[in-house]
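# Summary of structural features
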Amino acid sequence: MAILLDSASVDDAAAAAALGFVHGITTNPALMARETTEPLAHLGRLLAAFPGGPICYQPTRTTYAQMNDEARAAAALAPERVVAKLPATLDAIKLAAALTDDGIRCALTAVYSPAQALLAHETGCVWIIPYVDRAARHADGGLTVVDSLAAILARLQSGTRILAASLKSAPQVVDAILHGAHDVTAPLEVLRSLPAHPLTESAVREFAAAWPEA
Ligand code: G3P
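Because the structure is a prediction, the values reported are computed rather than measured.

Cut-offs used in this document
- Residues numbered from 1 in each chain as written.
- Predicted model: local features only at pLDDT ≥ 70, side-chain atom pairs only at ≥ 80, totals over all residues.
- Heavy atoms only, no water.
- Helix = DSSP H or I, 4+ residues; strand = E, 2+ residues; numbered from the N terminus.
- Rg over C-alpha atoms; globule rule 2.2 N^0.38 Å.
- Contact = heavy atoms within 4.5 Å.
- Areas by Shrake-Rupley, 256 points an atom, 1.4 Å probe, with all protein chains shown as cover.
- Lys, Arg positive; Asp, Glu negative; His and termini not counted.
- Charge placed at Lys NZ, Arg CZ, Asp CG, Glu CD.
- Expected span 1.5 Å × (residues − 1).
- Buried < 20%, exposed > 50% of the residue type's maximum accessible area, 1.4 Å probe, protein only.
- Phe/Tyr/Trp six-rings, centres within 6.5 Å; stacked < 30°, edge-to-face > 60°.
- Lys NZ or Arg CZ within 6 Å of the ring centre and 35° of its normal.
- Pairing = 2+ DSSP bridges.
- Axes fitted to C-alpha atoms, helices over the stretch in contact; angles between N-to-C directions.
- Salt bridge = Lys/Arg side-chain N within 4 Å of Asp/Glu carboxyl O.
- Polar contact = N/O pair within 3.5 Å; in protein donor to acceptor, adjacent residues only side chain to side chain.
- Near = heavy atom within 4 Å.
- Nonpolar A, V, L, I, M, F, W, Y, C, P; charged D, E, K, R; others polar.

## Digging into the overall build of the chain
- Within the chain one finds 11 helices and 8 strands.
- Relative to the globule expectation of 17 Å for 214 residues, the C-alpha radius of gyration of the chain, 18 Å, shows essentially globular dimensions.
- Counting contacts in the chain only where the partners sit at least 6 residues apart, residues at least 24 apart contribute 56% of the total.
- As presented, the chain carries roughly 10,500 Å² of accessible surface, and 57% of it is formed by carbon and sulfur atoms.
- Of the side-chain charges in the chain, 15 are positive and 21 negative, and the distance between the mean point of each set is 3 Å.

Below, the structure written as structure tokens:
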């Protein structure tokens, strides 16, 4: 299991690196647009702020040729670390196949259906990224999507992993794993909330009270 940060903020990236349990970063064009007008230069800043592990970079442009150029330019910045993240459309899946053939790792994102998982498997994508909370709000249930993706990938004995995204709370992160996601990505505040429990807090207060300041 790997836990990733879902953000394009350099400050978030540095804070996540300091947590010690965050494996990498996922970005998308909407997150990038909040931070920069130069996404490839900004990717360089994220790579520096988060010094190890994968960073999933999604092209900001949308035609095949534009996505191809931008994904290859992103991967060239750090071939061992950058994963080309592409939406699960026909054009982008064609591109994922071409990039994978050229040794660039790919992930399919904004995934809502098992048919998309079949194509992620067939094109050798390292990750398939379902949007859990969005599916809960707009489709037939977020965790139902994860269930069906997990069943398909297990049936195929696939090397493609499920990276659950659009996660809004610690319980949703846990549920995604319980329903078959291999990995999760979430905003910094959700990652920071993972250990929170009122009984842990009261135990800490009890321990501190046993050793009052001299
Ligand atoms: O990368 C963003 C993806 O996780 C979707 O999240 O919060 O826009 O549903 P959200």
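And the narrative resumes.
## Some remarks on helix 11 (residues 198-209)
- End to end, helix 11 covers 16 Å across 12 residues, agreeing with the expected 16 Å (1.5 Å per residue, within 8%).
- Within helix 11, only 0 of the 12 residues are buried, which leaves the element largely exposed.

## Focus on the packing of aromatic side chains
- Enumeration according to the criterion identifies 1 aromatic pair in this entry.
- Summarising the aromatic geometry, the rings of Tyr 112 and Tyr 131 are spaced 6.3 Å apart at their centres and angled 80° between planes, so their arrangement reads as edge-to-face. Here Tyr 131 lies in the loop between strand 6 (127-130) and helix 7 (132-138) and Tyr 112 lies in the loop between strand 5 (106-111) and helix 6 (114-122), a separation of 19 residues in the sequence.
- Look at Tyr 131 and you get buried, because its relative accessible area is 11%.
- The ring of Tyr 64 carries the charged tip of Lys 94 above its face, separated from the ring centre by 5.6 Å.

## Some remarks on the sheet that holds strand 1 (residues 3-6)
- Read around the closed barrel, the 8 strands follow the order 1-2-3-4-5-6-7-8; overall the barrel is parallel. For this sheet, the mean inter-axis angle between neighbouring strands, taken without regard to orientation, is 30°.
- Here 3 bridges tie strand 3 (residues 55-57) to strand 4 (residues 82-87), and the two strands are oriented parallel to one another. Opposite Tyr 57, over in strand 4, you have Ala 84 as the bridge partner.
- Packing against the sheet, helix 4 (residues 64-77) makes contact with strand 3 and strand 4, and its axis sits at approximately 160° to strand 4.

## Here we look at the side chain of Lys 85
- Among the secondary structure elements, Lys 85 is positioned in strand 4.
- Summary of buried charges: Lys 85 has no salt-bridge partner, and the nearest side chain of opposite charge, Asp 6, is 5.6 Å away.
- Separated by 3.1 Å, the side chains of Lys 85 and Gln 58 make a polar contact.
- The contact partners of Lys 85, leaving out residues within four places of it in the chain, are Thr 26, Thr 27, Asn 28, Cys 56, Tyr 57, Gln 58, Pro 59, Ala 107, Thr 109, Ile 129 and Tyr 131.

## Thoughts on the site of the ligand
- Neighbouring the ligand are the residues Asp 6, Asn 28, Leu 31, Tyr 131, Arg 134, Arg 137, Ala 165, Ser 166 and Lys 168.
- Here an oxygen atom of the ligand sits 2.8 Å away from a polar atom, N or O, in the side chain of Asn 28.
- The separation between an oxygen atom of the ligand and a polar side-chain atom of Arg 134 is 2.6 Å.
- Coverage of the ligand by the protein amounts to 83% of the 300 Å² it exposes when considered alone.
- When its residues are assigned to classes, the shell around the ligand shows 3 nonpolar, 2 polar and 4 charged.

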